[in-house]
Structures are given as C-alpha cells and as structure tokens.
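These are the residues of each chain, in order.
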Amino acid sequence: MKIKFLHIYILFLLYFIGINTVQAQCPNGEAPRQMVTGNAHYGGTYISNASGGISYDQFDPSLGTLTGVDINVEVSGYLVVNTTNTSTSPEDFPVEFERRDRFGFPGIGYVQSTATFDYNTGPLDPGATHAEHIFAPMSQTASATITNPAELAGYQGTSTNNVTYQLATGVSIFGASHYTNNITLQFTHITFSVVYTYCPHAILPNGKLDFSASKGDGNNVLLTWTKENETDGVQYTPEISKNGRDFIGISTIQSELAGTENSAAKYEYHYRVPVIEANTKLYFRLRQAQPDGKISYSEVATLSYQGAADRFTVFPNPADNHVTLSFEAPQKDNQHLSLINSMGQVVESENFHPAGSTTHQYRFKRKHPPGVYFLRVVNAANRQQQVVRLMVR
C-alpha cells in the first residue's frame, strides 16, 4: 500500500467588509472580552452539501455588544482513488487528483481548502486496478475576521448556527481512454473554532445599581432598579428589545434622591407588552443619562415566554387569608409558589401539582401584616416564572 501526501494550497474565497481588525477598546474604556464556541472536532465520512451535525452556539446579545468574529478551520482526510485498466493491453495512467473542502459561515461566504496531487499508476495489466491511498493533512488553518455590524448580525441570538460543509473531489487522467475510476472517502476530520469579541454592557457609574425584570399577570412586566448614592438630574429610560440588539425606549423617569443620606433610591416601572409571541424572549435594559450628557447602560435582563400556558391571575385581590390562582391553560407540571413581601423576602411557600387543572387554591399559613405582596409561581419543568402583585388586608 502506498501512502501519498497532497500538496496543499489554501484558497480563501472570502470578502472582508470593514477593517479586518477587531475593536481594541470598548466605548467605556474597558478592554473587550472574548469567548470561544464551536471549538470541537468532527470525524466521519462526510459527503457533499452536509450541514447537519456541524454547528456552533450563537453569541447571546444579553452578554454585551458583539464587535468581532474570528473563524479558524482545519481539515484533514484520508481517501482511496481506484483506477482500473479496461483496455486489452497494459497501460500506464498519469492521474491528477483534486479535493476541495468548503465551509460556509454568515457574512463571509465560504472558506475553501483546495488540495491537488499528481501521480502515476505504473503499468496496469488489462482488468487490473491500482489503489492510490491519499492522506490529506490540511495542517494550515483557513481563517477569517468579521467586524462589520451588518455582517455580525448572523452570529447573534440564543440558538445555534449550522456550518454548511461541501466536499468535492475529481480525477483527471491524461492520454488514456480505456479506464474507470472511483473514489472511496475513508475519513474526514474537521476542527474549527469561532471566537467572539464583545464589549460587556457598561455598568452604571456613581454607585451600585441593581436592575431586574419579572413577569406579572397577563402581558405585564415589572421593571425594578435600586441605585446607591443617587444624584439629582439623572434621567432613566427603560428599554425593550425582541432580539437583544435593537432597543427602544418605553418611558422616561427622573431620578429621586433617597430619603436619608447613604440610603438607596428604589424605582419600579410597570409595563404592558402589547403582543407577546409564544416561544420568544424579551430583553430589557436601563439607559441612564447624566446631567453632563454622559450615557451608560445597565446589564440586560431577559424574560422567556413559552406561550400563554403559564400565565395566571389571582382572586380575590385584595385578599384576607386565601387566594385562587386561575391559569390560562391546564397545568400538568409541578409548580413552586412563593409569597413575597415588599422587601423581597419570601414569607411562605409551597409546592403543588395541578394535575391538569386550571385553578389552584392557596390558603395562607399564617396572618400577615396588611400591605403589598407578590405571588411568584415557578414551573418546575421549564423553570419559567410568573409574578402577580397581591394586596393583603
């Protein structure tokens, strides 16, 4: 058995949009961060136009602003080229073999590796077959860098991207006509990595800020934030996004100085989402405008919606010693219920199994001081939660 090595020529079929350099500094002066995904190895007898099984995670926009993507691909393979003499006399066959591996990524088209090798079968008797074993070590790495925001969009989300892989092989034999040939692909080994460079969302300055979003009944969302060392003249703008990239403001709130020195200012804003589609995620952040014009943003809070099945209302409200939860759809999963006071403390809780029912009666375990409370229900199966405001008399 003869082992041959291919002469490798790496051909980049890429178009680069923008400067081929990832941003060196974030707008807030911090150094950008990096994360690696798709750093995996795939081995098998892949065929042309295969796209399943080779994938990588998208960049979650809730982590920050994506500024660059670096792609590195390496491929190796082993195959056998069989040439059979179909003439009635011995012949010598000069063979030219070519292999092309193409990998498709959003925004850059294809990264292509092209390998060629010339060899001679030597004299073949009539009916004899020559098997050429070719090992293709694509030791050089094909790479690309993307920095244009329009092209970066294809890498962002909370799902995965498939790599479109295409393999093409060809054999040319010169000066002969009586032959047949076939190629047996024994193995292909693929290694690739996708490196995301991003700027994390700026932490609001001048004191610690905690920002959160929670579901209310129906389409209601409760946005809350607490700001230490609050100052006068600050303008807060809660923002919403459906994709984690494009945010729009939904209101404007002026800062309020805390009642006592060194205490934190607390804010809450109730927002009703006009339409919530099933199996979607909503992104919320807080924009802060300082009196001197400086703009900064909070971390992004996300809410996932699996449809209307987990939504509920509660009655009576106000309540004395018990409430009834009414769900919009039959509940089959185990649920965890918590009663939370206005300080954010869980004052009592229970686990319950609806068994396909749309209602659940909950009786308080003890008498609670009158005031504002919240009922939080967490689905034990999908970890989705709903929060409903409750008045206790």
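Relevant structure appears above.
Residues numbered from 1 in each chain as written. Predicted model: local features only at pLDDT ≥ 70, side-chain atom pairs only at ≥ 80, totals over all residues. Heavy atoms only, no water.

Undergrad: So what's going on with the nonpolar core? Residues and values would help.
TA: Val-69, Phe-105 and Tyr-155 are the most contacted members of the largest nonpolar core, which has 24 residues in total. Contributing elements (two or more residues each) for this core: β5 (64–85), β6 (91–105), β8 (129–146), β10 (164–173) and β11 (179–200). Among all residues touching Val-69, those that are not within four sequence positions of it are Ala-144, Thr-145, Ile-146, Leu-152, Tyr-155, Val-194, Val-195 and Tyr-196. Val-221, Trp-225, Tyr-267 and Leu-303 belong to the second-largest nonpolar core, a separate cluster that totals 21 residues. (Core = buried A, V, L, I, M, F, W, Y, C linked by side-chain atoms within 4.5 Å. Buried < 20%, exposed > 50% of the residue type's maximum accessible area, 1.4 Å probe, protein only. Helix = DSSP H or I, 4+ residues; strand = E, 2+ residues; numbered from the N terminus. Contact = heavy atoms within 4.5 Å.)

Undergrad: An account of the sheet that holds strand β22 (residues 322–327) is needed here, citing residue identities and associated values.
TA: Judged by pairing direction, the sheet is antiparallel, and its three strands sit side by side in the order β21-β22-β25 without closing on themselves. Bordering the open sheet on either side are β21 (312–315) and β25 (359–363), each of which pairs with just one other strand. Averaged over neighbouring strand pairs, the angle between their axes works out to 20° when direction is ignored. With five bridges joining them, β22 and β25 adopt antiparallel strand pairing. (Pairing = 2+ DSSP bridges. Axes fitted to C-alpha atoms, helices over the stretch in contact; angles between N-to-C directions.)

Undergrad: Provide a residue-level description of the side chain of Glu-348, including the pertinent values.
TA: By the element assignment, Glu-348 lies in strand β24 (residues 346–352). Buried Glu-348, no salt bridge; nearest opposite-charge side chain is Lys-365, N-O distance 4.3 Å. Among the polar contacts made by the side chain of Glu-348, one reaches the side chain of Tyr-362 at a distance of 2.2 Å. Here the side chain of Glu-348 touches His-368 through a polar contact of 2.5 Å, side chain to side chain. Look past the residues within four positions of Glu-348 in its chain and what remains in contact with it is Leu-337, Ser-338, Leu-339, Tyr-362, Arg-363, Phe-364, Lys-365, Arg-366 and His-368. (Lys, Arg positive; Asp, Glu negative; His and termini not counted. Salt bridge = Lys/Arg side-chain N within 4 Å of Asp/Glu carboxyl O. Polar contact = N/O pair within 3.5 Å; in protein donor to acceptor, adjacent residues only side chain to side chain.)

Undergrad: Can you break down unusual backbone geometry residue by residue, with the values?
TA: Note on backbone geometry: most residues besides glycine have negative phi, and most peptide bonds are trans. Residue Pro-316 is reached from Phe-315 by a cis peptide bond, and omega for that bond is -5°. The topology assignment puts Pro-316 in the loop between β21 and β22. Asn-317 connects to Pro-318 through a cis peptide bond whose omega is 15°. Within the fold, Pro-318 resides in the loop between β21 and β22.

Undergrad: Outline the sheet that holds strand β13 (residues 220–227), listing residues and values.
TA: If you walk across this open sheet you meet the three strands as β12-β13-β17, and the pairing is antiparallel. Both outer strands of the open sheet, β12 (209–215) and β17 (265–272), are each paired with one neighbouring strand and no more. When the angles between neighbouring strand axes are averaged without regard to direction, this sheet yields 15°. Sheet analysis places β13 next to β17, joined by eight bridges and oriented antiparallel. In the strand pairing of β17, Leu-222 is matched with His-270.

Undergrad: Just give me the short version of the layout of surface pockets, but keep the residues and values in it.
TA: The space that makes up the largest pocket amounts to roughly 640 Å³. For the lining of the largest pocket, the secondary structure elements donating two or more residues are β12, β13, β17, β23 (335–341), β26 (371–379) and β27 (385–392). With five residues, the top contributor of residues to the lining of the largest pocket is β12. Residue composition of the lining of the largest pocket, by class: 10 nonpolar, eight polar and five charged. (1 Å grid on protein atoms, 1.4 Å probe; cavity = no way out; pocket = protein on both sides within 12 Å on 5 of 7 lines; lining within 4 Å. Points joined across faces, edges and corners; volume = space filled by probe spheres on them. Nonpolar A, V, L, I, M, F, W, Y, C, P; charged D, E, K, R; others polar.)

Undergrad: Tell me what's going on with the environment of Gly-157, and back it up with residues and numbers.
TA: Following the sequence through the fold, Gly-157 ends up in the loop between α1 (149–152) and β9 (160–162). Owing to a relative accessible area of 13%, Gly-157 belongs among the buried residues under this scheme. Sequence separation between Gly-157 and Asn-243 is 86 residues, and the spatial gap between their C-alpha atoms is 7.0 Å. Leaving out residues up to four positions away in the same chain, Gly-157 has contacts with Gln-58, Phe-59, Asp-60 and Pro-61.

Undergrad: Break down the packing of aromatic side chains for me, citing the residues and quoting the values.
TA: Counting across every chain of the model gives 12 aromatic pairs. A ring pair is formed by Tyr-362 and Phe-364, whose centres lie 6.0 Å apart and whose planes are at 65°; its orientation type is edge-to-face. Pair check on accessibility: Tyr-362 and Phe-364 agree, each one buried. When the ring centre of Phe-247 is taken as origin, the NZ or CZ atom of Arg-285, which lies over that ring, is 4.0 Å away. (Phe/Tyr/Trp six-rings, centres within 6.5 Å; stacked < 30°, edge-to-face > 60°. Lys NZ or Arg CZ within 6 Å of the ring centre and 35° of its normal.)

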